[in-house]
Amino acid sequence: MKLTFSKEDEQFREEIAAWLKANLVGEFEQLKFRGGPGDEHMFPEERKQWEQKLAEGGWTCVGWPKEYGGRGASIEQQVIFFEEYARAGAPGRVGHIGEGLAGPTLIAFGTEAQKQKYLPGIVSGKELWCQGYSEPSAGSDLANVKTKARLDEKTGKWSINGQKVWTSLAHESDWCFVVARTDPDSVAHKGLGFFLVSMHQPGVTVRPIEQLTGTSEFNEVFFDDAVAEDIVGEPGDGWKVAMGLLGFERGVSTLGQQMLFQNELDEIVRIAKANGAAKDPVLRQRIAEAHTGLRLMRYNAMRMLSDTSGGALQKAALVYKLHWASWHRNLGALAMDVLGPEAEMLESAPYNLTRLQSMYLFTRSDTIYGGTNQIQRNIIAERGLGMPKEPKGR
Amino acid sequence: MEFVFTDEQQMIRDTAEAFLQDVSTSEAVRAAMATDAGFDPALWERICTELCFQAITIPEEFGGMGLGYVELAAVLEQMGRFLLCSPFFSTVALGANALMVAGNDAQKAQYLTQIAEGSLTATLAYTGASAAKAGGQWGPEVVDATYTKAADGYVLDGAWRYVVDGHTAGLLLMAARQPGTCGQEGIALFAVPADTNGLSREWTPTMDQTRHLAAITAKQVTLPADALMCENAGKQLSRIIDLAKVAVAAEQMGGSQEILDRTVAYMQERVQFGRAIASFQALKHKTADMMLKCEVSRSAVYYAACVAQEFLSADGDAALAAELPEAAAMAKGYCSDTYFFNAGSAIQLYGGVGFTWEYDVHLYFKRAKSSELFLGNGAQQREQVAQMLLDGGE
């Protein structure tokens, strides 16, 4: 057990830090610390350019195998990459769904032809992806998918009909991976397929959802006889493919997310020192608790990433979402309480939020999306502790 | 960066588990805790001669194994898990640590060698009655006893309380201050054989019977000059306390995990309303929270143990070693809260039988509180983190 990095890894750290310093300038300067959660709607065009800049430097998909255009970086180097990326204040990645979810899924489950077709667009930062899982009647009950896929015998293509919801970045994306029902008589996780659908076609309509922030990161996506370009796996394999993908969601990028959290906490500490909140005994406790929680989250992630045996990895990974989401939601409230009455003051009318206000409001979604805290507790109790499954109503 | 046990560390952990599972049974714990000494001397001898756990961190030049704090934490975790009644914690986590941090070469050569060979038990005595002020204070400022220079040595005078195994230890590492000093100032550490004339030691029975505490009084006790470990030892004492906190946290984490596992096993058997109570969501969610806290505690302990390791080794990473006060406070604070939460929840989840003397739940519940209070509870640890984070001091 060791926390120090090797010389080679420290050199890698210097390399990425130097590249970011040299390239996060000029037109990209304004992107610093932008585009994170709650800020994802900002500077979409500039951030797309930034993706391609990263790709030019070879800094997209660093953890992917070299044969698919990645760097084949070790876990340690991926950790370093995400830490330095966030430390430099580089912007939220518009390409993260492709790089972190669609790509790894294709690498794991796709055919060679599919890999050749889709992976280069992700690596180059030119093609953006969104995720079509949730539906109006498939929230926590994710398997209750109603969207239908029908095979057109003449063209050999699948056509998609239905509605997805809470789709991040749908309005910026070129592709969507969609879970849809291939067997109309099936229920729950059986009879689903995993489809790759172009967003640039008449059968796809994107409608932004106005959130309590007044902004729209999330969308509804309607499919009316939309044509699927490909299916990953066989019809009926959709749930298996989609669940394999959820595993990727808990990957190394969580460390980058933590650095964003660190930036937020640093700002709160700075404000607390300036306005005297740092002297209030109750707020001191809460700030110290937030600091402790974030530090320990880092070591939880390190443990999760270091252990490849499966056992302990499972457990540390199972609690990860519940931990960060609850922690971040508390941080949002703490930010407001440290600011006191100033917390209410908008950046400007009609409803332009400050960064911390935006963070505070957005954190209320953290404990809902990607599996609510309550669903997480079910999963932890059932998979982590072997307790009986919840009874189902169907 | 390898944040996972090496094969050797895993082996030490497994050895400790197998041994303690066998010898530290409920019957054995209950028998030992009811004695005045608070432990079974025959079992202590087996630990010292067959397993040599007491020698893990002692350098090889003094007959020890020269292994690290991670190995020690792995063993302490199992000891906490099985509520081992033993002078191990006092001798190693207090005594040996104090000698390694503040002892001179002659003292190390004499006493560490004796500890390593299993012929000497030891403990740290520093807390005076001041430790009970304001809900508990555990820094060097609570040293009440005084020392003065005499013709050919020192004269020790005063009282110590809450001394772990103070009534049985063969060697007392004692802190005293120059009259009229306060805080970290004017403190010296002495290595005092327990049979020194003028020392009186008394077992002070405690609510948690698995760890015995003592009160020690010194009435104008004359010490030879070579009893002095070091003067102006406030800083060294702080680091000794930090190392002890990491050790307590490891025990707490083991206890938190064990009481969770036992609770879940009981819930799988206990049937009400025609179902195992493990199937009720309200109860599952409680255990999920317990598991989350366990996992984060585990990360905290391993992190702090790695830092302690760097601190103690001559060629340790300086930046990591400097994190010791913060790492110790975070680990002790988080694990204290976790253990109390888990043990308290266990009584609730067991229901009525959790309230009986017959079931072991109360042993964990009581140990959780005593170890939470010892060296400072969660809020006190957070205040220390707040001081480092917000006040720019230690």
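Residues numbered from 1 in each chain as written. Chains lettered and ligands numbered in written order. Predicted model: local features only at pLDDT ≥ 70, side-chain atom pairs only at ≥ 80, totals over all residues.

Peer 1: Before we move on, can you summarise the overall build of chain B with the specific residues and values?
Peer 2: The helix and strand inventory of chain B stands at 12 helices and 10 strands. Taken over the C-alpha trace, chain B has a radius of gyration of 21 Å; the compact-globule value for 394 residues is 21 Å, and the two agree within 12%. Considered along the principal axes of its C-alpha atoms, chain B spans approximately 80 × 45 × 45 Å. Taking all 394 residues of chain B together, the buried fraction comes to 58%. (Helix = DSSP H or I, 4+ residues; strand = E, 2+ residues; numbered from the N terminus. Rg over C-alpha atoms; globule rule 2.2 N^0.38 Å. Buried ≥ 20, exposed ≤ 12 C-beta atoms within 10 Å, placed from the backbone.)

Peer 1: Describe the overall build of chain A, listing the residues and the values that go with them.
Peer 2: Regarding its fold elements, chain A presents 12 helices and 7 strands. Relative to its length of 394 residues, chain A is compact, with a C-alpha radius of gyration of 21 Å against a globular reference of 21 Å. The dimensions of chain A, computed from C-alpha atoms along their principal axes, are 70 × 50 × 50 Å. Within chain A, contacts between residues separated by at least 24 positions form 72% of all contacts whose residues are at least 6 apart in sequence. (Contact = placed C-beta atoms within 7 Å.)

Peer 1: Any details on the domain arrangement of chain B? Residues and values, ideally.
Peer 2: Residue and element names in this part refer to chain B. Along its sequence, chain B is organised into domain 1 (7-120), domain 2 (124-230) and domain 3 (234-390). For domain 1 versus domain 3, the distance between C-alpha centres works out to 20 Å. Facing the 21 residues of domain 1 at the interface are 24 residues of domain 3. Of all the secondary-structure elements, those providing two or more residues to the side of domain 1 that touches domain 3 are α2 (26-33), α4 (69-81) and α5 (88-102). In terms of residues, the side of domain 1 that touches domain 3 owes the most to one element, α4, which gives 9 residues. Partitioned by chemical class, the residues of the side of domain 1 that touches domain 3 number 14 nonpolar, 5 polar and 2 charged. (Domains from an automatic or database assignment. Nonpolar A, V, L, I, M, F, W, Y, C, P; charged D, E, K, R; others polar.)

Peer 1: Mind laying out the nonpolar core, listing which residues take part and the relevant values?
Peer 2: Phe-195 of chain A together with Phe-190, Val-246, Ala-300 and Ala-304 of chain B are the most contacted members of the largest nonpolar core, which totals 243 residues. In terms of residue count, the dominant contributor to this core is helix α8 (residues 281-312) of chain B (18 residues). Leaving out residues up to four positions away in the same chain, Val-246 of chain B has contacts with Tyr-69, Ala-73, Ala-304, Ala-305, Ala-308, Ala-328 and Ala-331 of chain B. (Core = buried A, V, L, I, M, F, W, Y, C linked by C-beta atoms within 7 Å.)

Peer 1: Provide a residue-level description of the domain arrangement of chain A, including the pertinent values.
Peer 2: Residues and elements named next belong to chain A. If you check the domain split of chain A, you get domain 1 (7-94), domain 2 (129-236) and domain 3 (250-384). If you look at the interface, domain 2 gives 5 residues, while domain 3 gives 8 residues. Considering only residue class, the side of domain 2 that touches domain 3 consists of 2 nonpolar, 3 polar and no charged.

Peer 1: Now, about unusual backbone geometry: what can you tell me, with residues and values included?
Peer 2: All names here are of chain A. A cis amide bond, omega 0°, links Ala-349 with the succeeding residue Pro-350. Turning to its location among the elements, Pro-350 is positioned in the loop between α10 (320-339) and α11 (355-366). Even without being glycine, Trp-166 reaches a positive phi, approximately 65°. With a phi angle near 50°, Asp-225 is a residue other than glycine that sits in the positive phi range. Counting through the fold element by element, Asp-225 comes out in strand β7 (residues 219-232).

Peer 1: Describe the interface of chain B and chain A, naming the residues involved and giving the relevant values.
Peer 2: Note: interface size is frequently given as the accessible area lost on complex formation between the parts. Contacts between the two partners involve 38 residues from chain B and, on the opposite side, 39 residues from chain A. Mapped onto the side of chain B that touches chain A, the elements with two or more residues apiece are α8, α10 (324-350) and α12 (378-390) of chain B.

Peer 1: Tell me about helix α12 (residues 373-384) of chain A, and please be specific about residues and values.
Peer 2: Three or more residues of α12 of chain A are buried, namely Gln-376, Arg-377, Asn-378, Ile-380, Ala-381 and Gly-384 of chain A. Just downstream of α12 of chain A lies Gly-386 of chain A, where phi reads positive at about 70°.

Peer 1: Please provide a residue-by-residue account of the packing of helix α1 (residues 7-23) of chain A against helix α3 (residues 75-87) of chain A, values included.
Peer 2: Each packed pair of helices is defined by two parameters, the angle between the axes and the distance between the axes. All names here are of chain A. One can describe the packing of α1 onto α3 by two numbers: an axis separation of 9 Å at closest approach and a directional angle of 30°. Regarding the angle of α1 to α3, the classification is roughly parallel. Crossing of α1 against α3: the hand is right-handed. Residues Asp-9, Phe-12, Arg-13, Ile-16, Ala-17 and Leu-20 of α1 touch α3, and the partners they reach there are Glu-76, Gln-77, Ile-80, Phe-81, Glu-84 and Tyr-85. Classifying every residue of the contact of α1 with α3 by side-chain character gives 7 nonpolar, 1 polar and 4 charged. (Axes fitted to C-alpha atoms, helices over the stretch in contact; angles between N-to-C directions. Parallel < 35°, antiparallel > 145°, perpendicular 65-115°, else oblique. Left-handed = near helix turned anticlockwise from the far one by under 90°.)

Peer 1: I'd like a description of the packing of α10 of chain B against α12 of chain B, backed by residues and values.
Peer 2: Residue and element names in this part refer to chain B. The geometry of α10 relative to α12 is characterised by a closest axis approach of 8 Å and an angle of 150° between their N-to-C directions. Of the possible angle classes, the one that applies to α10 and α12 is roughly antiparallel. In the crossing of α10 with α12, the sense of the turn from one axis to the other is left-handed. The segment α10 lies against α12, with Pro-325, Glu-326, Ala-329, Met-330, Lys-332, Gly-333, Ser-336 and Asp-337 engaging Gly-378, Gln-381, Arg-382, Gln-384, Val-385 and Met-388.

Peer 1: Give a detailed account of the pairing of strand β2 (residues 146-150) of chain B, specifying residues and quantitative values.
Peer 2: In summary, the side chains of a regular strand alternate between the two faces of the sheet. Residues and elements named next belong to chain B. Across 5 bridges, the pairing between β2 and strand β3 (residues 153-164) is antiparallel. Bridge pairing in β3 places Ala-150 opposite Gly-153. Hairpin remark: β2 followed by β3, antiparallel, with 2 residues in the connecting loop. (Pairing = 2+ DSSP bridges.)

Peer 1: How would you summarise the environment of Glu-231 of chain B if you had to cite specific residues and measurements?
Peer 2: Along the polypeptide, Glu-231 of chain B turns up in the loop between β8 (228-230) and α7 (234-269). Spatially, the C-alpha atoms of Glu-231 of chain B and Gly-186 of chain B are 7.3 Å apart, while their sequence positions differ by 45 residues.

Peer 1: How would you sum up the confidence of the model for chain B? Please name residues and give values.
Peer 2: Mean pLDDT over chain B works out to 97, with 99% of the residues at or above the 70 mark. Predicted complex metrics record ipTM = 0.96 and pTM = 0.95. (pLDDT = per-residue confidence, 0-100.)

Peer 1: Break down the confidence of the model for chain A for me, with residues and values.
Peer 2: Across chain A, the average pLDDT comes to 92, with 96% of residues at 70 or higher. Summarising per-element confidence for chain A, the mean pLDDT is lowest in helix α9 (residues 311-318) of chain A (69) and highest in strand β3 (residues 158-165) of chain A (98).

Peer 1: Please give an account of α3 of chain A that cites residues and values.
Peer 2: It helps to recall that an α-helix has 3.6 residues per turn; residues three or four apart then point in one direction. Residues and elements named next belong to chain A. The terminal C-alpha atoms of α3, which comprises 13 residues, lie 18 Å apart, in line with the 18 Å expected from a rise of 1.5 Å per residue. The buried fraction of α3 is high, at 10 of 13 residues. Considered for burial, the residues of α3 that qualify are Glu-76, Gln-77, Val-79, Ile-80, Phe-81, Phe-82, Glu-83, Glu-84, Tyr-85 and Ala-86. Phi turns positive one or two residues past the end of α3, at Gly-89, with a value near 80°. (Expected span 1.5 Å × (residues − 1).)

Peer 1: How would you sum up the environment of Pro-104 of chain A? Please name residues and give values.
Peer 2: With respect to the element layout, Pro-104 of chain A can be found in helix α4 (residues 96-109). In this structure, the C-alpha to C-alpha distance between Pro-104 of chain A and Pro-341 of chain A, residues 237 residues apart in sequence, is 46 Å.

Peer 1: I'd like to hear about the environment of Cys-48 of chain B, residue by residue, with values.
Peer 2: Residue and element names in this part refer to chain B. Looking at where Cys-48 falls in the secondary structure, it is placed in helix α3 (residues 41-51). When the C-alpha atoms of Cys-48 and Ala-116 are compared, they prove to be 8.0 Å apart, with 68 residues separating the residues in sequence. Excluding anything up to four places from it in sequence, Cys-48 contacts Gln-54 and Gly-118.

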